[in-house]
Amino acid sequence: IDFYLWFRWNSAKADPTDSIEPMNSNGMENTTTSEGGGVTGKALYDEPQIMPDGSKYMAYRYQGVFSKKMNLEKYPFDVQNLAVVFEDENQDVRQLEFIPDATPVAISPAVTMPGYEIGTPALVVTGHHYPTNFGDLTAPPNVEYSRIIITVPVSRDPLPYLVKIILPILIVIPLTSLIYLIPARMEDARTGIGVTAMLTIVALQWTTDSSLPAVEYLTMLDLIYIVSLVYVLVAMGYTVLASRRKAHEVEEALTTSIDRRMGVASLVVYAVLMILTVVAYLGHHHVEQLL
């Protein structure tokens, strides 16, 4: 992120520029990186400027990486709140407390992120409590430090993901359902369709996972892949049962009727499970927006 942060103050004792600290900065290959590894601001003036009302004014420019662990449960329809967090590292709320400006945060109209939609940014000031006095015997219990939290909501454009990820799955599943239309005597053709569908879905999942960080939970897309794999497994298992019926010389007209009913039933169950998965992760309102 590349942004400007300014301060105005009247106190002769407290100076917010002395010990302001970025709490989630990551100092790697940044133009305003400190030797300690974090992102530091570049002062626009050598000394604080005096404003017409007598207050002091100082501004800094920050350019660098700020990190935040993202929740990808709803991927690829997730909304991420990109955060920049500041806090005074020495002065607690007894000495210094930040107050948002009249227009505390804004984004330049020239800023764009192809493939993403940038929402309305927000800036809040909150008191942050540490469960320790850091060994300072003079510190009162439960003291708080004034913290600035800037958040920028960012959502993905759903269309590319629908085309690149969801559409291939929705193509593979109807092709897999051809198993129920092929006569039971053509076991090789049925098995070939099932194996090909299985490998295709696994390849799609590997491709998707390679572009995401490792997470310790199932995303919505993971569950979609699992439901699709189960559908293919059921179709392949049914192929074995159909072959056994043929071996017992069950009348072909009867087996064909059973195949058709099984094919329709499995597709209906698959569609219901997919809908329930999407609704469970996104909710009714988000699903209506996508549609």
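These numbers come from a predicted model, not from an experiment.

Caption draft 1: Examining the pairing of strand β11 (residues 144-156) more closely. Most of β11 sits out of view: 10 of its 13 residues are buried. With 9 bridges connecting them, strand β8 (residues 79-88) and β11 associate as antiparallel partners. Bridge pairing in β11 places Val79 opposite Ser155. As defined by bridge partners, strand β9 (residues 116-118) adjoins β11 across 3 bridges and the pair is classed as antiparallel. Each residue of the ladder has a partner; that of Glu117, found in β11, is Ser155.

Caption draft 2: Main features of helix α1 (residues 158-176). Taking 1.5 Å as the rise per residue, α1 with 19 residues should run 27 Å; its terminal C-alpha atoms sit 26 Å apart, in good agreement. The sharpest bend along α1 reaches about 40° and sits at Ile166, with the proline Pro168 one to four residues further on. Those residues of α1 lying buried are Tyr161, Ile165, Ile166, Ile169, Val172, Ile173 and Thr176. If you check the start of α1, you find a side-chain oxygen 3.3 Å away from the backbone N of Leu159, and it comes from Asp157.

Caption draft 3: Quick look at helix α2 (residues 187-210). Here α2 spans 35 Å end to end across 24 residues, near enough to the 34 Å set by a 1.5 Å rise per residue. Along α2, the residues classified as buried are Arg190, Gly194, Ala197, Met198, Ile201, Leu204, Gln205 and Thr208.

Caption draft 4: Region of interest: the packing of aromatic side chains. Throughout the structure, instances matching the rule amount to 12 aromatic pairs. Here Phe3 and Tyr62 contribute two aromatic rings whose centre-to-centre distance is 5.2 Å and whose plane-to-plane angle is 10°, an arrangement assigned as stacked. Of this pair, Phe3 sits in strand β1 (residues 2-9) while Tyr62 sits in strand β6 (residues 56-63), placing them 59 residues apart in sequence. Exposure class is identical for Phe3 and Tyr62. Each is buried. Note on Phe3 and Phe86: the rings are 6.0 Å apart at their centroids and 65° apart in plane angle, and the pair reads as edge-to-face. Taken together, the residues Phe3 in strand β1 and Phe86 in strand β8 connect sequence positions 83 residues apart.

Caption draft 5: Representation of the layout of surface pockets in the model. In this structure, the largest pocket occupies an estimated 1200 Å³ of space. Forming the boundary of the largest pocket are 45 residues, of which Phe3, Tyr4, Leu5, Leu123 and Ile150 lie nearest the centre. Top element by residues in the lining of the largest pocket is β1. It accounts for 8 residues. The residue inventory of the lining of the largest pocket, partitioned by class, reads 33 nonpolar, 7 polar and 5 charged.

Here is what the cut-offs are and how they apply
Residues numbered from 1 in each chain as written. Predicted model: local features only at pLDDT ≥ 70, side-chain atom pairs only at ≥ 80, totals over all residues. Heavy atoms only, no water. Buried < 20%, exposed > 50% of the residue type's maximum accessible area, 1.4 Å probe, protein only. Helix = DSSP H or I, 4+ residues; strand = E, 2+ residues; numbered from the N terminus. Pairing = 2+ DSSP bridges. Expected span 1.5 Å × (residues − 1). Bend = angle between axes of the 7 residues up to and from the residue. Polar contact = N/O pair within 3.5 Å; in protein donor to acceptor, adjacent residues only side chain to side chain. Phe/Tyr/Trp six-rings, centres within 6.5 Å; stacked < 30°, edge-to-face > 60°. 1 Å grid on protein atoms, 1.4 Å probe; cavity = no way out; pocket = protein on both sides within 12 Å on 5 of 7 lines; lining within 4 Å. Points joined across faces, edges and corners; volume = space filled by probe spheres on them. Nonpolar A, V, L, I, M, F, W, Y, C, P; charged D, E, K, R; others polar.

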